[in-house]
Amino acid sequence: MGVSGSGKSTVGALLAARLGVPFVDGDALHPASNVAKMAAGIPLDDDDRAPWLDAVGARLAQGGVVVACSALRRAYRDRLREAAPAARFVLLHGSPALLASRIAERVGHFMPAALLDSQLAILELPTPGEEVRVYDIALPPAEIAADAARNLEDA
(Lines give C-alpha, C1' and ligand atoms only; values in the text may rest on other atoms or scores of the structure.)
Protein backbone atom coordinates (compact mmCIF):
# COMPACT_ATOMS: atom_id res chain seq x y z
CA MET A 1 0.00 0.00 0.00
CA GLY A 2 1.02 3.62 -0.46
CA VAL A 3 0.55 6.69 -2.56
CA SER A 4 1.28 6.92 -6.26
CA GLY A 5 4.97 6.52 -7.02
CA SER A 6 5.77 4.61 -3.84
CA GLY A 7 6.69 1.44 -5.71
CA LYS A 8 3.64 -0.68 -4.95
CA SER A 9 3.73 -2.51 -8.29
CA THR A 10 7.49 -3.07 -8.26
CA VAL A 11 7.70 -4.24 -4.65
CA GLY A 12 4.41 -6.13 -4.90
CA ALA A 13 5.60 -8.15 -7.89
CA LEU A 14 8.91 -8.92 -6.16
CA LEU A 15 7.10 -9.90 -2.96
CA ALA A 16 4.66 -12.15 -4.82
CA ALA A 17 7.55 -13.88 -6.56
CA ARG A 18 9.31 -14.48 -3.24
CA LEU A 19 6.10 -15.87 -1.71
CA GLY A 20 5.28 -17.94 -4.80
CA VAL A 21 1.84 -16.38 -5.25
CA PRO A 22 0.19 -14.32 -8.01
CA PHE A 23 0.53 -10.54 -8.13
CA VAL A 24 -2.44 -8.29 -8.93
CA ASP A 25 -2.00 -4.59 -9.58
CA GLY A 26 -4.97 -2.92 -7.91
CA ASP A 27 -4.99 -0.29 -10.66
CA ALA A 28 -6.36 -3.00 -12.96
CA LEU A 29 -9.37 -3.40 -10.64
CA HIS A 30 -10.50 0.24 -10.94
CA PRO A 31 -13.71 0.84 -12.89
CA ALA A 32 -13.11 2.68 -16.17
CA SER A 33 -14.83 5.75 -14.72
CA ASN A 34 -12.18 5.97 -11.96
CA VAL A 35 -9.31 5.67 -14.43
CA ALA A 36 -10.84 8.40 -16.62
CA LYS A 37 -11.34 10.66 -13.61
CA MET A 38 -7.76 10.24 -12.40
CA ALA A 39 -6.35 10.62 -15.91
CA ALA A 40 -8.20 13.95 -16.08
CA GLY A 41 -6.44 15.04 -12.88
CA ILE A 42 -9.55 14.72 -10.68
CA PRO A 43 -8.98 13.03 -7.31
CA LEU A 44 -11.24 10.14 -6.41
CA ASP A 45 -13.64 10.50 -3.51
CA ASP A 46 -14.91 7.80 -1.16
CA ASP A 47 -17.88 7.04 -3.42
CA ASP A 48 -15.51 6.50 -6.35
CA ARG A 49 -13.28 4.24 -4.31
CA ALA A 50 -16.04 2.03 -2.85
CA PRO A 51 -16.50 -0.36 -5.81
CA TRP A 52 -12.75 -0.51 -6.30
CA LEU A 53 -12.10 -1.37 -2.65
CA ASP A 54 -14.80 -4.05 -2.88
CA ALA A 55 -13.05 -5.54 -5.93
CA VAL A 56 -9.69 -5.47 -4.16
CA GLY A 57 -11.25 -7.01 -1.04
CA ALA A 58 -12.88 -9.76 -3.09
CA ARG A 59 -9.56 -10.63 -4.70
CA LEU A 60 -7.77 -10.61 -1.34
CA ALA A 61 -10.49 -12.83 0.15
CA GLN A 62 -9.58 -15.54 -2.37
CA GLY A 63 -6.22 -15.76 -0.58
CA GLY A 64 -2.76 -16.59 -1.84
CA VAL A 65 -2.16 -13.28 -3.62
CA VAL A 66 -0.29 -9.99 -3.31
CA VAL A 67 -2.38 -6.99 -4.37
CA ALA A 68 -0.94 -3.49 -4.84
CA CYS A 69 -3.49 -1.00 -3.53
CA SER A 70 -3.16 2.51 -2.14
CA ALA A 71 -5.34 1.84 0.97
CA LEU A 72 -4.67 5.42 2.03
CA ARG A 73 -7.16 5.73 4.89
CA ARG A 74 -7.74 3.54 7.92
CA ALA A 75 -11.37 3.13 6.84
CA TYR A 76 -10.21 1.71 3.50
CA ARG A 77 -7.88 -0.76 5.20
CA ASP A 78 -10.66 -1.74 7.60
CA ARG A 79 -12.99 -2.33 4.64
CA LEU A 80 -10.37 -4.58 3.06
CA ARG A 81 -9.88 -6.42 6.38
CA GLU A 82 -13.64 -7.02 6.61
CA ALA A 83 -13.58 -8.66 3.18
CA ALA A 84 -10.32 -10.51 3.80
CA PRO A 85 -9.52 -10.93 7.51
CA ALA A 86 -6.25 -12.74 6.76
CA ALA A 87 -4.92 -9.83 4.65
CA ARG A 88 -1.64 -8.26 5.75
CA PHE A 89 -0.47 -4.77 4.84
CA VAL A 90 2.90 -3.34 3.86
CA LEU A 91 3.15 0.46 3.59
CA LEU A 92 5.70 1.97 1.22
CA HIS A 93 6.37 5.44 2.54
CA GLY A 94 8.71 8.17 1.42
CA SER A 95 9.36 11.85 1.05
CA PRO A 96 7.14 13.91 -1.25
CA ALA A 97 10.22 14.90 -3.26
CA LEU A 98 11.23 11.28 -3.93
CA LEU A 99 7.65 10.33 -4.78
CA ALA A 100 7.34 13.25 -7.20
CA SER A 101 10.61 12.38 -8.91
CA ARG A 102 9.49 8.78 -9.38
CA ILE A 103 6.15 9.85 -10.84
CA ALA A 104 7.89 12.26 -13.22
CA GLU A 105 10.00 9.36 -14.55
CA ARG A 106 7.02 7.06 -15.25
CA VAL A 107 5.82 6.61 -18.79
CA GLY A 108 2.31 5.55 -19.79
CA HIS A 109 0.64 5.61 -16.37
CA PHE A 110 -2.80 7.18 -16.09
CA MET A 111 -2.11 8.79 -12.71
CA PRO A 112 -0.80 12.34 -13.20
CA ALA A 113 1.77 13.86 -10.86
CA ALA A 114 -0.76 16.57 -10.00
CA LEU A 115 -2.72 14.07 -7.89
CA LEU A 116 0.18 13.22 -5.57
CA ASP A 117 -0.62 16.10 -3.20
CA SER A 118 -4.25 14.98 -2.89
CA GLN A 119 -3.12 11.45 -2.02
CA LEU A 120 -0.62 12.67 0.55
CA ALA A 121 -3.32 14.87 2.07
CA ILE A 122 -5.62 11.93 2.78
CA LEU A 123 -2.95 9.37 3.69
CA GLU A 124 -3.52 8.14 7.23
CA LEU A 125 -0.41 6.49 8.58
CA PRO A 126 -1.04 3.24 10.44
CA THR A 127 -1.85 3.48 14.11
CA PRO A 128 -0.50 1.16 16.82
CA GLY A 129 -2.26 -2.18 16.73
CA GLU A 130 -3.04 -1.92 13.03
CA GLU A 131 -0.30 -4.41 12.13
CA VAL A 132 1.06 -2.60 9.08
CA ARG A 133 4.72 -3.04 8.25
CA VAL A 134 6.20 0.31 7.09
CA TYR A 135 9.17 0.60 4.72
CA ASP A 136 11.11 3.63 3.54
CA ILE A 137 10.99 3.71 -0.26
CA ALA A 138 14.58 4.94 -0.34
CA LEU A 139 15.54 1.29 0.30
CA PRO A 140 16.06 -0.97 -2.73
CA PRO A 141 12.79 -2.67 -3.77
CA ALA A 142 14.37 -6.14 -3.57
CA GLU A 143 15.45 -5.46 0.03
CA ILE A 144 11.94 -4.33 0.97
CA ALA A 145 10.38 -7.39 -0.66
CA ALA A 146 12.83 -9.78 1.03
CA ASP A 147 12.20 -8.32 4.48
CA ALA A 148 8.44 -8.17 3.95
CA ALA A 149 8.43 -11.82 2.83
CA ARG A 150 10.34 -12.86 5.95
CA ASN A 151 7.91 -10.95 8.16
CA LEU A 152 4.82 -12.31 6.39
CA GLU A 153 6.09 -15.87 6.57
CA ASP A 154 6.77 -15.46 10.32
CA ALA A 155 3.28 -14.04 10.97
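Presented here is a report on the structure given in the accompanying data block. (Residues numbered from 1 in each chain as written. Predicted model: local features only at pLDDT ≥ 70, side-chain atom pairs only at ≥ 80, totals over all residues. Heavy atoms only, no water.)

1. Concerning the overall build of the protein
Then, number 1: Within the protein, the secondary structure is distributed over seven helices and four strands.
Then, number 2: Reading the protein from its N end, one meets helices and strands in the order α-β-α-α-β-α-β-α-α-β-α.
Then, number 3: Over its C-alpha atoms, taken along the principal directions, the protein stretches across nearly 40 × 30 × 30 Å.
Then, number 4: Here the protein holds 155 residues, and the buried ones make up 41% of them.
Then, number 5: Sequence separation of 24 or more characterises 71% of the internal contacts of the protein that already satisfy a separation of 6 or more.
Then, number 6: Across the protein, the mean location of the 15 positive side-chain charges is 2 Å away from that of the 19 negative side-chain charges. (Helix = DSSP H or I, 4+ residues; strand = E, 2+ residues; numbered from the N terminus. Buried < 20%, exposed > 50% of the residue type's maximum accessible area, 1.4 Å probe, protein only. Contact = heavy atoms within 4.5 Å. Lys, Arg positive; Asp, Glu negative; His and termini not counted. Charge placed at Lys NZ, Arg CZ, Asp CG, Glu CD.)

2. Side note on the pattern of salt bridges
Then, number 1: According to the stated counting rule, one finds ten salt bridges in the structure shown.
Then, number 2: In this structure, the salt-bridge partner of Arg79 is Asp54, at a minimum N-O distance of 2.8 Å. With Arg79 in helix H4 (residues 74–83) and Asp54 in helix H3 (residues 46–61), this residue pair connects regions lying 25 residues apart in the sequence.
Then, number 3: Take Arg79: its relative accessible area is 32%, and that puts it in the partly exposed class.
Then, number 4: Its relative accessible area of 42% is what places Asp54 among the partly exposed residues.
Then, number 5: For Asp78, the salt bridge is made with Arg81, and the minimal N-O distance between the two is 3.1 Å. (Salt bridge = Lys/Arg side-chain N within 4 Å of Asp/Glu carboxyl O.)

3. Thoughts on unusual backbone geometry
Glycine aside, the phi torsion of most residues is negative, and most peptide linkages are trans.
Then, number 1: A positive phi angle, near 45 degrees, is found at Ala71, a position not held by glycine.
Then, number 2: Position of Ala71 relative to the elements: it lies in the loop between strand E2 (66–68) and H4.
Then, number 3: You will see that Glu131, though not glycine, has its phi angle at about 55 degrees, which is positive.
Then, number 4: Along the chain, the position of Glu131 falls in the loop between helix H6 (116–122) and strand E4 (132–136).
Then, number 5: Residue Glu131 is classed as exposed on the basis of its relative accessible area of 64%.

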